[in-house]
Amino acid sequence: ECFRASYQARVLILTMNRPDDLNAVNKDMHDELGTVFYDAQMDDDADVIVLTGAGRAFSAGFDLERESGDADPHDMAADEWRDHLKTYIDTFMMIWNLSKPIIAAVNGYALAGACELVQVCDIKIASDQAVMGEPEIRSGLGPPLLITPFSVNLATAKELLLTGDTVDATEAARIGLVSRVVEHDQLIQECELIAKKITLLSPFRHF
């Protein structure tokens, strides 16, 4: 399984679980991503979701290792590539539109598509060991979901997207990729504390 699930009271903690591959999102993990969030939406025992990664990365983004028979993105026509991306966009938008608040606990590297996965969460807290950015341009690819301009100002978003530069946790908080930074060993505890505050509110006040 690509995810581990645990509960802390009415808080569901989802952990991406491919640590040997820096939790890179391959096809199986992407399919499971949609499933676990759909199940979380229907889960009467969970009011808030915390999303994090196992090991030293939140996620390194979409897995660049192609399976046998997979087409090279650089060989795809524009319409074919657009159809390919739509599956990822649909999953991200389902997460964006989830009725339950999602807290991203950014415990390490959150790059490319994973940086965008953080952005579709409602609250974003980073460990002081986090590194974020969208280096897709260095592989000749663009971001699957152009959400970064909504998190940071347009000029900063263009610089990140056109250079592929990464930023440390402090800079990520300064420009708005995350809300704030906490010590690494306090990250999950801090996210659980925020989640608990939300669970104590009336359900009518949830997103």
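Here, the structure is the one placed above.
Basis of the calculations
Residues numbered from 1 in each chain as written. Predicted model: local features only at pLDDT ≥ 70, side-chain atom pairs only at ≥ 80, totals over all residues. Heavy atoms only, no water. Helix = DSSP H or I, 4+ residues; strand = E, 2+ residues; numbered from the N terminus. Buried < 20%, exposed > 50% of the residue type's maximum accessible area, 1.4 Å probe, protein only. Contact = heavy atoms within 4.5 Å. Areas by Shrake-Rupley, 256 points an atom, 1.4 Å probe, with all protein chains shown as cover. Core = buried A, V, L, I, M, F, W, Y, C linked by side-chain atoms within 4.5 Å. Pairing = 2+ DSSP bridges. Polar contact = N/O pair within 3.5 Å; in protein donor to acceptor, adjacent residues only side chain to side chain. Axes fitted to C-alpha atoms, helices over the stretch in contact; angles between N-to-C directions.

1. Regarding the overall build of the chain
Helix and strand content of the chain: seven helices and ten strands. Within the chain, buried positions represent 46% of all 207 residues. For the chain, long-range pairs separated by at least 24 residues make up 71% of all intrachain contacts whose partners lie at least 6 apart in sequence. Looking at the chain as shown, the accessible area adds up to about 10,800 Å², and 52% of this sits on carbon and sulfur atoms.

2. Brief notes about the environment of Ala 5
Secondary-structure assignment places Ala 5 in strand β1 (residues 3-8). Given the relative accessible area of 58%, Ala 5 is considered exposed. Expressed as a C-alpha distance, the spacing of Ala 5 and Asn 17, which sit twelve residues apart in the sequence, is 9.9 Å. Once residues lying within four places of it in the same chain are set aside, the contact partners of Ala 5 are Leu 12, Ile 13 and Leu 14.

3. Digging into unusual backbone geometry
A positive phi angle is found at Leu 22, which is not glycine, with a value near 55 degrees. Position of Leu 22 relative to the elements: it lies in the loop between β2 (11-16) and α1 (27-42). Look at Asn 23: it is not a glycine, yet its phi comes out positive at around 55 degrees. Position of Asn 23 among the secondary structure elements: in the loop between β2 and α1. The buried category is assigned to Asn 23, whose relative accessible area is 0%.

4. Describing the nonpolar core
Counting residues in hydrophobic clusters, the biggest one holds 42 residues, and the most contacted among them are Phe 37, Leu 51, Phe 58, Val 106, Met 132 and Leu 177. Where this core is concerned, the elements lending two or more residues are β2, α1, β3 (48-53), α2 (78-96), β5 (102-106), α3 (113-119), α5 (154-163) and α6 (169-175). Ranked by residue count, the leading element in this core is α1, at five residues. Residues in contact with Phe 37, not counting those within four places in the same chain, are Leu 14, Ile 49, Leu 51, Met 94, Ile 95, Leu 98 and Ile 102. Residues Val 11, Ile 13, Ile 103 and Leu 187 belong to the second largest nonpolar core, which totals 13 residues.

5. What about the pairing of β5?
Of all five residues in β5, five are buried, a share of seventy percent or more. In β5, alternate side chains face the same way, and those of Ile 102, Ala 104 and Val 106 on one face and Ile 103 and Ala 105 on the other are all buried. In the sheet, β3 pairs with β5 via three bridges, with the strands oriented parallel. Bridge pairing in β5 places Leu 51 opposite Ala 104. Sheet analysis places β5 next to strand β7 (residues 123-127), joined by four bridges and oriented parallel. The residue bridging Ala 104 from the neighbouring strand is Lys 124, located in β7.

6. With respect to the environment of Asn 26
On the secondary structure map, Asn 26 appears in the loop between β2 and α1. Once the C-alpha coordinates of Asn 26 and Gly 61 are considered, the two residues, 35 residues apart in sequence, prove to be 8.9 Å apart.

7. Notes on the side chain of Ser 127
Mapped onto the secondary structure, Ser 127 falls in strand β7. Only 2.9 Å separates the side chain of Ser 127 from the backbone nitrogen of Gln 129, close enough to count as a polar contact.

8. A word on the pairing of β2
With respect to burial, β2 is a largely interior element, six of its six residues being buried. Along β2, one buried face is formed by Val 11, Ile 13 and Thr 15 and the opposite face, lined by Leu 12, Leu 14 and Met 16, is buried too. Inspection of the sheet shows β1 paired to β2 by six bridges, in the antiparallel sense. Among the inter-strand pairings, Arg 4 is bridged to a residue of β2, identified as Thr 15.

9. Here's the deal with the sheet that holds β1
The sheet built from six strands is open, its strands ordered β1-β2-β3-β5-β7-β10 with mixed pairing. For this open sheet the edge positions go to β1 and β10 (180-182), each flanked by a neighbour on one side alone. Taking the axes of each pair of neighbouring strands and ignoring which way they run, one obtains an average angle of 25 degrees across the sheet.

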